[in-house]
Amino acid sequence: MIAVIVVSSFAMAIHPPSHVEAIDPTTLNTNVEFAECNLGTRVNPDGSVTVRIIATQFEFLPRCIPVPKGQQVTFRVTSPDVIHGFFIAGSNANTMVVPGYVAQLRTVFSTAGNYLMPCHEFCGLGHSEMWALVKVLEGAQWKTDASGKASCEIPR
Ligand code: CUA
């Protein structure tokens, strides 16, 4: 047991298990990558899909997140204020969003449908109201505009 702990901690020190990337939370509003027009789902020139999200008291920007079924999606999330939780129910996407860092994770959705994305770290009085919706789309439902951007709206 001790050997397992020692070996795994040593191995993890060499290969950090999580992606560590710093960002200045106080200048997030002027950050190019996380500028408002660059938030949400984007198909990159190489065909890969990146979703950029700002988690802030008490909402995710954007609130509706379309992604393609069966394709790897990279999520990049950051916060300008306090720690939030990034969790997509029914998937393995689960991480904390800490101000000052970009949380990045990749996942593949194998089933189309709506996935609830609640904030799962207590972040203040509006915590329970803080959620977004991931729409996993397939076929003709999945489409982008000329710039590669995809968007959706929360059904009422
Ligand atoms: Cu954001 Cu709880």
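As a reminder, the structure under discussion sits directly above these lines.
Since we're looking at a predicted model, the values are computed, not measured.

So, how was this worked out
Residues numbered from 1 in each chain as written. Predicted model: local features only at pLDDT ≥ 70, side-chain atom pairs only at ≥ 80, totals over all residues. Heavy atoms only, no water. Phe/Tyr/Trp six-rings, centres within 6.5 Å; stacked < 30°, edge-to-face > 60°. Helix = DSSP H or I, 4+ residues; strand = E, 2+ residues; numbered from the N terminus. Buried < 20%, exposed > 50% of the residue type's maximum accessible area, 1.4 Å probe, protein only. Core = buried A, V, L, I, M, F, W, Y, C linked by side-chain atoms within 4.5 Å. Contact = heavy atoms within 4.5 Å.

Asker: Kindly report on the packing of aromatic side chains, identifying the contributing residues and their values.
Answerer: Here a ring pair, both rings aromatic, is described through the centre-centre distance and the interplanar angle of the planes. As enumerated under the stated definition, the model contains three aromatic pairs in all. Considering the side-chain rings of Phe75 and Phe86, the 5.4 Å spacing of their centres and the 55° angle between planes classify their relative orientation as tilted. Of this pair, Phe75 sits in strand E5 (residues 72-78) while Phe86 sits in strand E6 (residues 84-87), and the two are eleven residues apart along the sequence. A residue is classified by how much of its surface remains accessible, and Phe75, at 0% relative accessible area, is buried. In this structure Phe86 comes out as buried when scored by relative accessible area, which is 0%. Measuring from centroid to centroid gives 6.4 Å for Phe75 and Phe109, while their planes differ by 80°, and the two rings are edge-to-face. Taken together, the positions of Phe75 in strand E5 and Phe109 in the loop between strand E8 (103-108) and strand E9 (113-118) put the pair 34 residues apart, joining distant regions of the chain. Accessibility assignment for this pair places Phe75 and Phe109 in one class, buried.

Asker: An account of the nonpolar core is needed here, citing residue identities and associated values.
Answerer: Nonpolar side chains tend to gather and get buried jointly when the protein is soluble and globular. Among the nonpolar cores identified, the biggest contains 24 residues, and Phe75 and Phe86 are the most heavily contacted of them. The dominant element in this core, judged by the number of residues it contributes, is strand E2 (residues 49-56), at four residues. Excluding its chain neighbours within four sequence positions, the residues that come into contact with Phe75 are Val51, Ile53, Ile65, Val67, Phe86, Ile88, Ala103, Gln104, Leu105, Thr107 and Phe109. Within the second largest apolar cluster, six residues are counted, among which are Ile23, Leu39, Ile54 and Val102.

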